[in-house]
Amino acid sequence: MKLRRLLFAVLAAAAAAAQAADFSKSMILVAKPEFVDQLYGSTILVVTPVGGDQHAGFIVNRPTNMTLGQLFPEDGPSQKVVDPVYLGGPLSQQVVFALVERTQSPGGESFEVMPGLHAAVDADTVDRIIRTESDRARFVAGLVVWRRGELRAEIERGAWYVLPPDPHLALRKPSQGLWEELVRVSKLRANSI
């Protein structure tokens, strides 16, 4: 009987988490401590819907050992960016995206990840952000893409805490214990529901 009640409680919590997530809107995902995965364990992601219950996003708290200056040694403005390039995800790791906090699109090939946070894709726009807005940007190599229903299934399985979009939060330095803080806050929020 205890096992049945426990199973019911787990299923109810998973259903509540999935209902709480609005898959038609941007969100921040925080990996739950139980989500043990070499790439996604202890991560924070910014996620946006791309249509048809598919999503794309970026890991924002996995700094690499590389800087823009090391990646682009001939580019003077890249030498001035001291922050590391972050691992944005396993797909297209050869592409450096600029996540920039701004209300308007930076132009070029870019898209809104969430209100106040845009991702620039094309080299000209990324270069311009490096030159003029690097203090409001995070540079990431690669991205994460979820196929139809894949993110929904992960949330229903209990892999992620789902938080509302917040560009300031998304670009906070991970060395400030951000993942641990978000896990604590998410646990408190989940327990109060």
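The paragraphs below set out a description of the structure included in this document. (Residues numbered from 1 in each chain as written. Predicted model: local features only at pLDDT ≥ 70, side-chain atom pairs only at ≥ 80, totals over all residues. Heavy atoms only, no water.)

## Regarding the pairing of strand E1 (residues 27-31)
When you tally the buried positions in E1, you get 5 out of 5 residues, the bulk of the element. Judged by which residues are buried, E1 turns out to be covered on both faces: Met 27, Leu 29 and Ala 31 on one side and Ile 28 and Val 30 on the other are all buried. Of the strand pairs in this sheet, E1 and strand E2 (residues 44-51) are connected by 4 bridges, and their pairing is antiparallel. Its bridge partner being in E2, Leu 29 is matched across the sheet by Leu 45. By the bridge criterion, 4 bridges tie E1 to strand E10 (residues 160-163) in an arrangement that is antiparallel. Its bridge partner lying in E10, Val 30 is registered against Tyr 161. (Buried < 20%, exposed > 50% of the residue type's maximum accessible area, 1.4 Å probe, protein only. Helix = DSSP H or I, 4+ residues; strand = E, 2+ residues; numbered from the N terminus. Pairing = 2+ DSSP bridges.)

## Comments concerning the packing of aromatic side chains
Inspection of the entire model under this criterion finds 4 aromatic pairs. Each ring, one from Tyr 40 and one from Trp 160, has its centre 6.4 Å from the other, and the planes form 80 degrees; the classification is edge-to-face. One end of the pair, Tyr 40, is in the loop between E1 and E2; the other, Trp 160, is in strand E10, and 120 residues separate them in sequence. Among the aromatic residues, those joined into a cluster by ring pairs are Phe 35, Tyr 40 and Trp 160. Here the guanidinium or amino end of Lys 32 rests over the ring plane of Tyr 161, the centre of that ring lying 4.9 Å away. Looking at Arg 138, its charged tip hangs above the ring of Tyr 86, at a distance of 4.3 Å from the centre. (Phe/Tyr/Trp six-rings, centres within 6.5 Å; stacked < 30°, edge-to-face > 60°. Lys NZ or Arg CZ within 6 Å of the ring centre and 35° of its normal.)

## Remarks on the pattern of salt bridges
Pairing is possible between side chains that carry opposite charge, provided their charged atoms lie close to one another. Tallied over the full model, the rule gives 7 salt bridges. Here Asp 53 makes a salt bridge to Arg 152, at a shortest N to O gap of 3.2 Å. Placement of the pair is Asp 53 in the loop between E2 and strand E3 (54-59) and Arg 152 in helix H5 (residues 150-156), with a sequence separation of 99 residues. Notably, a salt bridge pairs Arg 147 with Glu 150, separated by 3.6 Å at the nearest N-O pair. Residue Arg 147 is classed as exposed on the basis of its relative accessible area of 60%. Take Glu 150: its relative accessible area is 26%, and that puts it in the partly exposed class. When salt bridges that share partners are traced, they join Arg 102, Glu 133 and Arg 136 into one network. (Salt bridge = Lys/Arg side-chain N within 4 Å of Asp/Glu carboxyl O.)

## Description of unusual backbone geometry
You will see that Ser 42, though not glycine, has its phi angle at about 60 degrees, which is positive. In the Ramachandran plot, Ser 92 falls in the positive-phi region, its phi being about 55 degrees despite a non-glycine side chain. Topologically, Ser 92 is positioned in strand E6 (residues 91-101).

## Quick word on helix H4 (residues 123-132)
Structural remark: α-helix, 3.6 residues per turn; residues separated by three or four positions point the same way. Restricting attention to buried positions, one finds in H4 the residues Thr 125, Val 126, Ile 129 and Ile 130. In a view along the axis of H4, the buried residues occupy a sector of 140 degrees, so they form one face of it. Exposed residues lying more than 90 degrees from the buried face of H4 are Ala 123, Asp 124, Arg 131 and Thr 132. Residues of H4 that are buried make contact with helix H2 (68-71), helix H3 (76-79), E6, strand E8 (117-120) and strand E9 (137-146). (Arc of directions from axis to C-beta. Contact = heavy atoms within 4.5 Å.)

## Thoughts on the nonpolar core
The tendency in soluble globular proteins is for nonpolar side chains to be buried as a group. In this structure, Leu 29, Val 46, Phe 58, Leu 99, Leu 151, Ile 155 and Trp 160 are the most contacted members of the largest nonpolar core, which totals 41 residues. Ranked by residue count, the leading element in this core is E1, at 5 residues. Not counting the four nearest positions on each side in its chain, Leu 151 is found in contact with Phe 23, Met 27, Leu 29, Val 47, His 55, Trp 146 and Trp 160. Core analysis: the second largest hydrophobic core is formed by 13 residues, Ala 98, Val 126, Ile 130 and Phe 139 among them. (Core = buried A, V, L, I, M, F, W, Y, C linked by side-chain atoms within 4.5 Å.)

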